[in-house]
Amino acid sequence: MTPGQRLRVLEISAKEEAAAYCGKLFRRAGHDVLRIEPPGHEAPLHLDVYLNGGKKRQRLDLRAERGRLSRLAAAADLLLTDYGPRELGDLGLLDLDGPAVRVLITPFGRNGPYREYEATAHTLLALGGYTWLMGDPDRAPLTMPGNYPYYQAGTFAYIGALAATMASEPGRPLDIDVSVFECLAGLHQFTDTMWNFGGQVRSRHGNRWENLSPTTLYRCHDGWYGVNILANFWSSFALMIGRADLAEDGPLASNAGRMEHNDEVDEIVTKALWDKRARDIFKEGQEVWRVPVGYAAALSDLLADPHLNARSFWQPVEVALPEGRRRLLAPGRPFKFVGEQPPPELPPEPPGEAGFDEDRQDGRPQPRGAASPARPLSGVRVLDLTRIWSGPLATRILGDLGAEVIKIEAQDGRGGQGAPRSNVAAGGTAPAERHWNQQPLFNKLNRNKKSIAIDLKSARGRELFLDLVEKCDVVVENFSARAMPGLGLSYEVMKARNARIIYLSMPAFGQFGPYRDYIGLGPSIEPITGMTALMGYSDHEPRVTSKAVTDPIAGVSTAAAIIEALVRRERTGQGCLIDLSQHETGVAYLGEYFIERQLTGREPSRAGNTHREFAPHGVYRCAGEDDWIAIAARDGDEWRALCEVLGLESLVADQRFATIAGRRENREPLDSYIDAATSKWHKRDLEAALQARGVPAGSVLSAPEWLSDPHLLARGYFVELTHKEAGTHPWDGSPLMFNGARGYESWSPAPCLGEHAPEVLKDILGMSDAEIADLFAQGILADTPPARVAAV
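Residues numbered from 1 in each chain as written. Predicted model: local features only at pLDDT ≥ 70, side-chain atom pairs only at ≥ 80, totals over all residues. Heavy atoms only, no water.

Before going further, it helps to spend a moment on the pattern of salt bridges. For the structure shown, the criterion picks out 69 salt bridges. A salt bridge links E404 to K450, with the shortest nitrogen-to-oxygen separation between them at 2.9 Å. Placement of the pair is E404 in strand β14 (residues 404-409) and K450 in strand β15 (residues 449-454), with a sequence separation of 46 residues. The class for E404 is partly exposed, based on a relative accessible area of 24%. (Salt bridge = Lys/Arg side-chain N within 4 Å of Asp/Glu carboxyl O. Helix = DSSP H or I, 4+ residues; strand = E, 2+ residues; numbered from the N terminus. Buried < 20%, exposed > 50% of the residue type's maximum accessible area, 1.4 Å probe, protein only.)

Structure below.
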């Protein structure tokens, strides 16, 4: 395929999940998407509006109308499906000739012990280590509402497919295998490093963050607000709550002290702000004290939010309803090509006979080739100024796909004087020498990158950076909106040096709008996305995910935005400025709920572990300490199979449970029967027994369990890398397989601080050894944090 060309995407699915979300991304980017659905398929209206707007649609019996399907496939550039491995074979979807790229999204991948397991978002979150962390320690774990697993997998599929169109080999079909389970396994922050490097199992803490205080959700006069007070924000926050006496001295002045006295901290904060309104706390915290505070927004709050509306995030869409046409607001694209109008959100079209457009003038596209299918971004060079989680995750994805990622680091930017607890080997009592190069979280997020530590506040350092901009394709940063202009490194300055540069800025709330200068971190942003309006044990008990979930959403979305921009540049020859808001990426992943809120006129309930359609649907106790299993029965056959496995055959004849509507209505007694039966089983034995009968079930796995999961091991998901100072360790891998390969053989471990400065400056800028040595001597470059030279 010719890079940058408008693609013909054939989306084949019977679900509004991963393939539908991926197809939405292609449609929104201007590609020609034709969705094939089975006869009789009817999507819930709120999902149909959100996911299928603007796509052409046909309903086909994939077996009976084989000729028609073959003709459509022959005209397509890309086949996209989320049918499972068995269905792919039964329907012959892999025998279709035509598409150069086939994107196959399945719950567990096309091979491995779980390849034919049934799954829902609920059971995948349990197996993927998410459910274990969510909820209260003395209650059943909570599942995350919505379609997060599928939307992340759909975005990864979009990333892999778009990258492949830039580089796949002519005449050779390319299969991209995307595992939803593997997407989840790779989107933890420090859950895995706590276990692998410190032997600690991260666990549930309700609304509290396990290692930071105060980072939690608090109640106030009219609702709830969230805070994420890192060490550098405590003094300002203490002043905000009227406790200047706690700012600098005493047991609460340090995070360790506050962790020891968490209950006292919660009491102090709650009492101080109890009489205020949640949105006033949000505004005051951000504008007066400049601390990361958010509030638990209702969906109606966000539809009316002044910042989202000022940024034109909500896009109008006209929908045909039985009572007539209605104008709704749909979430738009959470990243903006600055200077361009956002793409419109379109209503879903009724199924018809339309095929692909016939207006393409240049025939079937031809790709330009790549070093290997698993490295489609080879030849792309990225300057990475990101930090913490979302940004480094985005650039790690680019590096995993073959891009040359050069990390521009602050010389003292790898943390404080001491190493985190997870850095210290089991049984150790002190940080290792040169511990800044051995930080597990940094090394996890920065593989396949080079490091150069530059003093960007110096005139020479700034000029050196701009010299690199001239030789690069992409610049990415996740500072506050005013940071780069403050250094004299705005997009306009970079564009003057390289008109083709793609510059993506990902501040918490975007580059413009009323919240432009607000501070946001995952735990404080999450409540403002609508997640806490949906998640909790009841309407009176909201809960956060404890995952800082907007960070992995923003990270994956950023990688997608950059690859989309690279594809656009192949067509236009022009670079661009991309404004990505982490806040908006989180709202976008709940898009269907905002459509439904407008259709019904009602705020959703916090449904605990229940499901609006499936019943039973819950997290049930198993034998053992804190052992649980997630189960979903989607229809009568799965319900009867569940009862037979659990020895509850008598419930099949119980009229209360005879229909799925009855099972939903009688959830409480039904769940008590199931919980009593599951508590006699080991979770993995019950999981296997239920899956053998086709019932979606997934054990609620802790870090040591999913890190040793037999399916992930059998598929070779984890990758072992040897770091020159940190040693050899296994790490999470990539959920994308290109013709069965992940490209691990070419991967490199995370860099040591400033390790690649000589290589980068010689190879890219042609500098001499003497010139580079002089930059080190002046302190423009470094490979050791300045404050620690004397201690090493």
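The subject of this paragraph is the sheet that holds strand β17 (residues 502-505). The strand order across the open sheet built from eight strands is β12-β18-β17-β16-β13-β14-β15-β25, with neighbouring strands paired in mixed fashion. The open sheet has two edge strands, β12 (335-337) and β25 (781-782), and neither has a second partner. The sheet contact formed by strand β13 (residues 381-384) and strand β16 (residues 474-477) spans three bridges and is parallel. In the sheet register, D384 faces β16, and the bridge partner there is V476. This element, helix α22 (residues 550-572), spans β12, β16, β17 and β18 (576-580) of the sheet and lies at about 160 degrees to β18. (Pairing = 2+ DSSP bridges. Contact = heavy atoms within 4.5 Å. Axes fitted to C-alpha atoms, helices over the stretch in contact; angles between N-to-C directions.)

Taken residue by residue, helix α12 (residues 278-287) has A278, I281, F282, G285 and Q286 as its buried positions. Taken down its axis, α12 places every buried residue within 115 degrees of arc, on the same side. Considering only its buried residues, α12 is in contact with β7 (215-220), β8 (223-228), α9 (234-240), α11 (262-273) and β9 (293-295). (Arc of directions from axis to C-beta.)

With that settled, the discussion passes to unusual backbone geometry. Residue P214 follows S213 across a cis peptide bond; omega there is -5 degrees. Tracing the sequence through the fold places P214 in the loop between α8 (191-198) and β7. Cis peptide bonds are those with omega within 30 degrees of zero, and the linkage from A615 to P616 qualifies with 0 degrees. Take P616: it is sitting in the loop between α24 (591-600) and β19 (617-621). The phi dihedral of I388 is positive, around 65 degrees, even though this residue is not glycine. Assignment of secondary structure puts I388 in the loop between β13 and α15 (390-400). On the accessibility criterion, I388 (53% relative accessible area) is exposed. Its identity is not glycine, yet N739 carries a phi of approximately 50 degrees, on the positive side. Here N739 lies in the loop between β24 (736-738) and α31 (757-763).

A few words on the nonpolar core. Counting 164 residues, the largest nonpolar core has F26, V103 and Y148 as its most contacted members. In this structure, V103 is in contact with L78, L79, L80, T81, A157, A161, I176 and V178, ignoring residues within four places of it in sequence. Judged by nonpolar contacts, the second largest core, of 31 residues, contains I406, I454, Y503 and I780. (Core = buried A, V, L, I, M, F, W, Y, C linked by side-chain atoms within 4.5 Å.)

Turning next to the packing of helix α25 (residues 636-646) against helix α28 (residues 683-692). Running from amino to carboxyl end, α25 crosses α28 at an angle of 135 degrees, the nearest separation of the two axes being 9 Å. It follows from the interaxial angle that α25 and α28 lie oblique. Where α25 crosses over α28, the two elements pack in a sense that is right-handed. Every residue of α28 that contacts α25 at L642, V645 and L646 is listed here: L686, A689 and L690. Each residue belonging to the contact of α25 with α28 can be placed in one class, and the counts come to six nonpolar, no polar and no charged. (Parallel < 35°, antiparallel > 145°, perpendicular 65-115°, else oblique. Left-handed = near helix turned anticlockwise from the far one by under 90°. Nonpolar A, V, L, I, M, F, W, Y, C, P; charged D, E, K, R; others polar.)

The topology assignment puts T106 in strand β5 (residues 101-106). One polar contact links the side chain of T106 to the main-chain amide nitrogen of G109, over a distance of 2.8 Å. Ignoring sequence-local partners within four residues, the contact set of T106 consists of Y83, G84, P85, D177, V178, S179 and V180. (Polar contact = N/O pair within 3.5 Å; in protein donor to acceptor, adjacent residues only side chain to side chain.)

We now examine the sheet that holds strand β2 (residues 32-37). A sheet is described by the order of its strands in space; here seven strands give the open sequence β3-β2-β1-β4-β5-β6-β24, paired in mixed fashion. With one partner strand each, in any of the chains shown, β3 (56-59) and β24 form the two edges of the open sheet. Taken pair by pair, the neighbouring strands of this sheet meet at an average axis angle of 20 degrees, ignoring direction. As judged from the six bridges shared by β5 and strand β6 (residues 174-179), these two strands associate in the parallel manner. Bridging across to β6, R102 finds its partner in D175. Where helix α6 (residues 148-167) meets the sheet, its contacts fall on β4 (78-81), β5, β6 and β24, and the angle it forms with β6 comes to roughly 160 degrees.

To continue, consider the pairing of strand β22 (residues 719-723). Alternating residues of β22 divide into V719, L721 and H723, all buried, and E720 and T722, none buried. As judged from the five bridges shared by β22 and strand β23 (residues 727-731), these two strands associate in the antiparallel manner. Bridge pairing links V719 to W731 in β23. Count of turn residues in the β22/β23 antiparallel hairpin: three residues.

For α15, the buried fraction is high: eleven of the eleven residues fall into the buried class. Taken together, the buried positions of α15 are occupied by S390, G391, P392, L393, A394, T395, R396, I397, L398, G399 and D400.

Take C22: it is sitting in helix α1 (residues 18-28). Separated by 133 residues in the primary sequence, C22 and T155 have C-alpha atoms spaced 5.9 Å apart. What C22 contacts, discounting residues up to four positions off in sequence, is L80, G154, A157 and Y158.

It is worth spelling out the pairing of strand β1 (residues 8-12) at this point. The buried fraction of β1 is high, at five of five residues. Residue alternation in β1 divides its side chains into two sets, R8, L10 and I12 and V9 and E11, and both sets are buried. Two strands pair when backbone bridges link them, and β1 and β2 are joined in this way by five bridges, in the parallel orientation. Each bridged residue has a counterpart across the sheet, and for R8 the counterpart in β2 is D32. As a crossover connection, the stretch from β1 through α1 into β2 is right-handed. Bridge count for β1 against β4 is four bridges, and the pairing is parallel. When the bridges of β4 are listed, V9 appears paired with L78. (Right-handed = clockwise from strand over helix to strand, strands pointing away.)

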